[in-house]
Amino acid sequence: MIRAMCTVLSAFSLSLALSLAPGSSVVGVAHAAPDAAEPTDIAGLMDELKKTYSGVKSLEAGFTQVQRSAVTGEIRAKGKVQVLQPRMARWETLGEQGSLFVTDGKTMTVYTPSMKQALVYEDMGATSGGGNVDVLALLDDISKLDEQFKVSLTIEDNGKGSYRVAAVPRTPGNYKRILLTFSRKKYELQKVVFEDQMGNETELGFTNLRLNPSIDQARFRFTPPEGTQIIENGGL
(Lines give C-alpha, C1' and ligand atoms only; values in the text may rest on other atoms or scores of the structure.)
Protein backbone atom coordinates (compact mmCIF):
# COMPACT_ATOMS: atom_id res chain seq x y z
CA MET A 1 0.00 0.00 0.00
CA ILE A 2 2.81 2.42 0.88
CA ARG A 3 4.40 1.98 -2.56
CA ALA A 4 1.05 2.76 -4.17
CA MET A 5 0.65 5.91 -2.09
CA CYS A 6 4.14 7.08 -3.06
CA THR A 7 3.23 6.49 -6.70
CA VAL A 8 0.21 8.68 -6.18
CA LEU A 9 2.29 11.44 -4.63
CA SER A 10 4.67 11.27 -7.56
CA ALA A 11 1.74 11.87 -9.86
CA PHE A 12 0.77 15.04 -8.04
CA SER A 13 4.33 16.24 -7.90
CA LEU A 14 4.41 16.02 -11.66
CA SER A 15 0.93 17.42 -12.12
CA LEU A 16 0.89 20.68 -10.23
CA ALA A 17 1.45 21.93 -13.76
CA LEU A 18 -1.65 20.33 -15.17
CA SER A 19 -5.05 21.35 -16.28
CA LEU A 20 -7.44 18.65 -17.33
CA ALA A 21 -8.66 17.09 -20.52
CA PRO A 22 -11.11 19.07 -22.67
CA GLY A 23 -14.36 19.91 -20.89
CA SER A 24 -12.87 20.19 -17.42
CA SER A 25 -12.97 23.35 -15.36
CA VAL A 26 -9.68 24.81 -14.17
CA VAL A 27 -9.44 27.76 -11.79
CA GLY A 28 -6.53 30.08 -11.15
CA VAL A 29 -4.20 29.46 -14.11
CA ALA A 30 -3.62 31.62 -17.17
CA HIS A 31 -2.82 29.48 -20.20
CA ALA A 32 -0.42 30.47 -22.91
CA ALA A 33 -1.98 32.34 -25.81
CA PRO A 34 -3.39 29.92 -28.41
CA ASP A 35 -1.47 31.56 -31.24
CA ALA A 36 1.89 31.44 -29.43
CA ALA A 37 4.67 29.52 -31.15
CA GLU A 38 4.55 25.91 -30.00
CA PRO A 39 7.68 24.27 -28.60
CA THR A 40 9.42 21.70 -30.75
CA ASP A 41 11.85 20.28 -28.18
CA ILE A 42 11.83 19.33 -24.50
CA ALA A 43 13.56 22.55 -23.40
CA GLY A 44 10.87 24.61 -25.09
CA LEU A 45 8.08 22.54 -23.53
CA MET A 46 9.59 22.82 -20.05
CA ASP A 47 9.78 26.59 -20.48
CA GLU A 48 6.09 26.73 -21.43
CA LEU A 49 5.07 24.56 -18.47
CA LYS A 50 7.01 26.74 -16.07
CA LYS A 51 5.52 29.95 -17.48
CA THR A 52 1.97 28.61 -17.63
CA TYR A 53 1.77 27.04 -14.19
CA SER A 54 4.03 29.15 -12.01
CA GLY A 55 2.35 30.22 -8.79
CA VAL A 56 0.29 27.05 -8.24
CA LYS A 57 0.17 26.42 -4.48
CA SER A 58 -2.74 23.99 -4.05
CA LEU A 59 -5.04 21.69 -5.98
CA GLU A 60 -8.01 19.41 -5.55
CA ALA A 61 -9.52 16.94 -7.99
CA GLY A 62 -11.29 13.67 -8.52
CA PHE A 63 -9.10 10.83 -9.76
CA THR A 64 -9.19 7.46 -11.42
CA GLN A 65 -6.35 5.01 -10.95
CA VAL A 66 -5.52 1.79 -12.80
CA GLN A 67 -2.79 -0.51 -11.48
CA ARG A 68 -1.49 -3.27 -13.76
CA SER A 69 0.58 -6.21 -12.54
CA ALA A 70 1.36 -9.71 -13.77
CA VAL A 71 0.53 -10.94 -10.26
CA THR A 72 -2.70 -9.08 -9.45
CA GLY A 73 -3.92 -8.23 -12.94
CA GLU A 74 -5.72 -4.91 -13.31
CA ILE A 75 -7.08 -3.06 -10.28
CA ARG A 76 -9.19 0.08 -10.64
CA ALA A 77 -9.99 2.71 -8.05
CA LYS A 78 -11.38 6.21 -7.85
CA GLY A 79 -11.62 8.94 -5.28
CA LYS A 80 -10.56 12.49 -4.54
CA VAL A 81 -7.36 14.30 -3.68
CA GLN A 82 -6.19 17.57 -2.16
CA VAL A 83 -2.65 18.93 -2.21
CA LEU A 84 -1.27 22.00 -0.44
CA GLN A 85 2.25 23.34 -0.37
CA PRO A 86 4.49 22.76 1.39
CA ARG A 87 4.42 18.95 1.31
CA MET A 88 0.83 18.30 2.37
CA ALA A 89 -1.46 15.77 0.68
CA ARG A 90 -4.77 14.01 1.26
CA TRP A 91 -5.69 11.06 -0.98
CA GLU A 92 -9.03 9.36 -0.34
CA THR A 93 -10.01 6.19 -2.20
CA LEU A 94 -13.76 5.56 -2.22
CA GLY A 95 -15.83 2.35 -2.02
CA GLU A 96 -16.04 -0.68 0.27
CA GLN A 97 -12.27 -1.19 0.10
CA GLY A 98 -11.60 2.51 0.46
CA SER A 99 -8.66 4.01 2.30
CA LEU A 100 -7.29 7.38 3.34
CA PHE A 101 -3.72 8.59 2.97
CA VAL A 102 -2.90 11.90 4.62
CA THR A 103 0.32 13.77 5.39
CA ASP A 104 1.01 17.18 6.90
CA GLY A 105 4.61 17.03 5.69
CA LYS A 106 5.85 15.56 8.97
CA THR A 107 3.59 12.60 9.77
CA MET A 108 2.06 10.21 7.25
CA THR A 109 -1.04 8.12 8.03
CA VAL A 110 -2.70 5.34 6.03
CA TYR A 111 -6.17 4.60 7.41
CA THR A 112 -8.29 1.62 6.36
CA PRO A 113 -11.90 2.03 7.60
CA SER A 114 -12.87 -1.60 6.97
CA MET A 115 -10.09 -2.73 9.33
CA LYS A 116 -10.46 0.20 11.76
CA GLN A 117 -6.70 0.50 11.55
CA ALA A 118 -4.31 3.41 10.99
CA LEU A 119 -0.63 2.98 10.12
CA VAL A 120 1.38 6.03 11.19
CA TYR A 121 4.85 6.78 9.80
CA GLU A 122 7.48 9.42 9.86
CA ASP A 123 6.83 11.20 6.56
CA MET A 124 8.40 9.17 3.76
CA GLY A 125 9.04 12.21 1.62
CA ALA A 126 11.59 13.37 4.17
CA THR A 127 13.42 10.02 4.18
CA SER A 128 13.31 9.04 0.54
CA GLY A 129 17.04 8.68 0.07
CA GLY A 130 18.81 5.75 -1.52
CA GLY A 131 18.03 6.89 -5.04
CA ASN A 132 14.31 7.34 -4.63
CA VAL A 133 12.66 10.49 -5.92
CA ASP A 134 11.68 12.93 -3.18
CA VAL A 135 8.09 13.01 -4.34
CA LEU A 136 6.83 15.58 -1.87
CA ALA A 137 9.67 17.97 -2.67
CA LEU A 138 8.61 17.79 -6.29
CA LEU A 139 5.20 19.10 -5.30
CA ASP A 140 6.72 22.53 -4.90
CA ASP A 141 7.48 23.22 -8.54
CA ILE A 142 7.14 21.50 -11.91
CA SER A 143 10.53 22.98 -12.78
CA LYS A 144 12.13 20.29 -10.62
CA LEU A 145 11.01 17.68 -13.15
CA ASP A 146 14.13 18.10 -15.27
CA GLU A 147 16.35 18.31 -12.18
CA GLN A 148 15.51 14.81 -10.94
CA PHE A 149 14.70 13.21 -14.29
CA LYS A 150 16.25 12.87 -17.72
CA VAL A 151 13.40 14.00 -19.94
CA SER A 152 12.77 13.46 -23.65
CA LEU A 153 9.93 14.51 -25.93
CA THR A 154 7.96 13.11 -28.84
CA ILE A 155 5.05 14.81 -30.57
CA GLU A 156 2.30 12.22 -31.02
CA ASP A 157 0.06 12.09 -34.06
CA ASN A 158 -3.02 10.81 -32.26
CA GLY A 159 -5.63 12.88 -34.06
CA LYS A 160 -5.42 15.62 -31.43
CA GLY A 161 -1.72 16.31 -31.34
CA SER A 162 -0.04 15.72 -28.00
CA TYR A 163 3.32 16.05 -26.34
CA ARG A 164 4.56 12.84 -24.76
CA VAL A 165 7.31 13.26 -22.18
CA ALA A 166 9.38 10.30 -21.00
CA ALA A 167 10.99 10.97 -17.61
CA VAL A 168 13.73 8.60 -16.41
CA PRO A 169 15.10 9.14 -12.86
CA ARG A 170 18.67 10.46 -12.89
CA THR A 171 19.42 8.21 -9.90
CA PRO A 172 18.01 4.63 -9.96
CA GLY A 173 15.11 4.14 -7.55
CA ASN A 174 11.57 2.75 -7.44
CA TYR A 175 10.57 3.96 -10.89
CA LYS A 176 12.03 2.87 -14.19
CA ARG A 177 10.19 5.49 -16.22
CA ILE A 178 7.27 7.92 -16.03
CA LEU A 179 5.30 8.86 -19.13
CA LEU A 180 3.32 12.11 -19.26
CA THR A 181 1.05 13.15 -22.11
CA PHE A 182 0.26 16.87 -22.48
CA SER A 183 -2.15 18.46 -24.94
CA ARG A 184 -0.87 20.94 -27.49
CA LYS A 185 -1.14 24.70 -26.92
CA LYS A 186 -2.84 24.55 -23.48
CA TYR A 187 -0.38 22.00 -22.07
CA GLU A 188 -3.11 20.00 -20.31
CA LEU A 189 -1.86 16.81 -18.69
CA GLN A 190 -3.96 14.08 -20.29
CA LYS A 191 -2.35 11.02 -18.75
CA VAL A 192 0.52 9.92 -16.51
CA VAL A 193 1.84 6.33 -16.43
CA PHE A 194 4.37 5.05 -13.90
CA GLU A 195 6.53 2.01 -14.74
CA ASP A 196 8.38 0.46 -11.81
CA GLN A 197 11.46 -1.75 -11.82
CA MET A 198 9.31 -4.91 -11.61
CA GLY A 199 7.35 -4.09 -14.77
CA ASN A 200 4.20 -2.96 -12.97
CA GLU A 201 2.26 0.09 -14.20
CA THR A 202 0.10 2.68 -12.51
CA GLU A 203 -1.99 5.00 -14.69
CA LEU A 204 -3.63 8.11 -13.28
CA GLY A 205 -6.22 10.50 -14.65
CA PHE A 206 -7.96 13.51 -13.07
CA THR A 207 -11.39 15.16 -13.26
CA ASN A 208 -12.89 18.42 -11.99
CA LEU A 209 -9.49 19.80 -11.15
CA ARG A 210 -9.27 23.12 -9.30
CA LEU A 211 -5.95 24.91 -8.99
CA ASN A 212 -5.19 27.24 -6.08
CA PRO A 213 -8.37 26.54 -4.08
CA SER A 214 -8.47 27.59 -0.44
CA ILE A 215 -7.89 24.46 1.67
CA ASP A 216 -7.88 24.33 5.47
CA GLN A 217 -4.60 22.83 6.74
CA ALA A 218 -6.66 20.74 9.18
CA ARG A 219 -7.56 18.54 6.19
CA PHE A 220 -4.00 17.22 6.29
CA ARG A 221 -4.07 16.09 9.91
CA PHE A 222 -5.59 12.71 10.75
CA THR A 223 -8.12 12.47 13.57
CA PRO A 224 -8.79 8.77 14.24
CA PRO A 225 -12.43 7.70 14.64
CA GLU A 226 -13.32 6.12 17.96
CA GLY A 227 -12.12 2.52 18.18
CA THR A 228 -9.31 2.91 15.61
CA GLN A 229 -6.20 0.81 16.20
CA ILE A 230 -3.08 3.01 15.83
CA ILE A 231 0.10 1.27 14.68
CA GLU A 232 3.22 3.45 14.90
CA ASN A 233 5.84 3.17 12.12
CA GLY A 234 3.61 0.67 10.34
CA GLY A 235 4.30 -1.93 13.02
CA LEU A 236 7.99 -2.16 12.08
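What counts as what
Position numbers for residues start from 1 in each chain and track the written sequence from start to end. Owing to the predicted nature of the model, reporting of local features is limited to residues with pLDDT of at least 70; listing and counting of side-chain atom pairs is limited to 80 or more, with chain, interface and lining totals taken over all residues. Hydrogens and water are ignored here; the side-chain numbers use all heavy atoms of the structure. Helix and strand labels come from DSSP, where a helix needs a run of H or I of at least four residues and a strand needs a run of E of at least two; each type is numbered from the N terminus. Three labels apply to residues, based on accessible area from a 1.4 Å probe with only protein chains included: buried if under 20% of the type maximum, exposed if over 50%, partly exposed otherwise in between. In this scheme, strands are said to pair when DSSP sees at least two bridges between them. Planes of paired rings set the category: under 30 degrees apart is stacked, over 60 is edge-to-face and the rest tilted, where pairs are Phe, Tyr or Trp rings (Trp by its six-membered ring) whose centres lie within 6.5 Å. The criterion is that NZ of a Lys, or CZ of an Arg, lies within 6 Å of the ring centre and within 35 degrees of the ring normal, and then a charge sits over that ring. Here, residues are in contact when the closest pair of their heavy atoms is within 4.5 Å. Confidence scores here are pLDDT values: one per residue, from the predictor, ranging 0 to 100. Only buried residues count toward a nonpolar core. Its members are Ala, Val, Leu, Ile, Met, Phe, Trp, Tyr and Cys residues joined through side-chain atoms within 4.5 Å.

### Topic: the environment of Y121
At step 1: Structurally, Y121 can be placed in strand β6 (residues 117-122).
At step 2: Along the chain, Y121 and T103 lie 18 residues apart, while their C-alpha atoms are 9.4 Å from each other.

### A word on the pairing of β6
In summary, the side chains of a regular strand alternate between the two faces of the sheet.
At step 1: Most of β6 sits inside the fold, with five of its six residues counted as buried.
At step 2: Alignment of strand β5 (residues 107-112) against β6, held across six bridges, turns out to be antiparallel. Bridge assignment links T107 to a residue of β6, and that residue is E122.
At step 3: Between the end of β5 and the start of β6, which pair antiparallel, lie four residues, with K116 showing a positive phi angle near 50°.
At step 4: In the sheet, β6 pairs with strand β12 (residues 229-232) via four bridges, with the strands oriented parallel. Of the residues in β12, the one forming a bridge with L119 is I231.

### Some details on unusual backbone geometry
At step 1: Positive phi, normally seen in glycine, also occurs at K116, with a value near 50°.
At step 2: Among the structural elements, K116 can be located in the loop between β5 and β6.
At step 3: Judged by its relative accessible area of 53%, K116 is exposed.

### Quick look at the packing of aromatic side chains
Each aromatic ring pair is described using two quantities: the centre-to-centre distance and the angle formed by the ring planes.
At step 1: As enumerated under the stated definition, the model contains three aromatic pairs in all.
At step 2: The interplanar angle of 45° and the centroid separation of 5.2 Å between the aromatic rings of Y111 and F222 together place this pair among those described as tilted. Remark: F222 occurs in the loop between β11 (201-211) and β12 and Y111 occurs in strand β5; sequence separation between them is 111 residues.
At step 3: We classify F222 as partly exposed; its relative accessible area is 21%.
At step 4: Over the aromatic face of Y163 sits the side chain of R184, whose NZ or CZ is 5.3 Å from the ring centroid.

### As for the environment of Q190
At step 1: Here Q190 shows up in strand β10 (residues 189-196).
At step 2: Placed 28 residues apart in sequence, Q190 and S162 show a C-alpha to C-alpha distance of 8.8 Å.
At step 3: Ignoring any residue separated from it by four or fewer positions in sequence, one finds Q190 in contact with S162, T181, F182 and S183.

### Comments concerning the confidence of the model for the protein
At step 1: Within the protein, residue pLDDT values average 74, and 70% of them lie at 70 or more.
At step 2: Looking at the elements of the protein, mean pLDDT is at its lowest for helix α3 (residues 135-138), recorded as 47, and at its highest for β12, recorded as 92.
At step 3: Low pLDDT, under 50, characterises residues 126-136; the stretch is placed with 26 contacts to residues that sit more than four places away or in other chains.

### Some words on the nonpolar core
For soluble globular proteins, the rule of thumb is that nonpolar side chains tend to be buried together.
At step 1: One finds L45, V165, I178, L180 and F182 to be the most contacted residues of the largest nonpolar core, which totals 35 residues.
At step 2: Residues L84, M88, V102 and I215 belong to the second largest nonpolar core, which totals five residues.

### A closer look at the environment of G62
At step 1: By the secondary structure assignment, G62 is in strand β1 (residues 58-69).
At step 2: On a C-alpha basis, the gap between G62 and T93 in space is 9.9 Å, while along the polypeptide they are 31 residues apart.
At step 3: Not counting residues within four places of it along the chain, the set of residues in contact with G62 comprises G79, K80, G205, F206 and T207.

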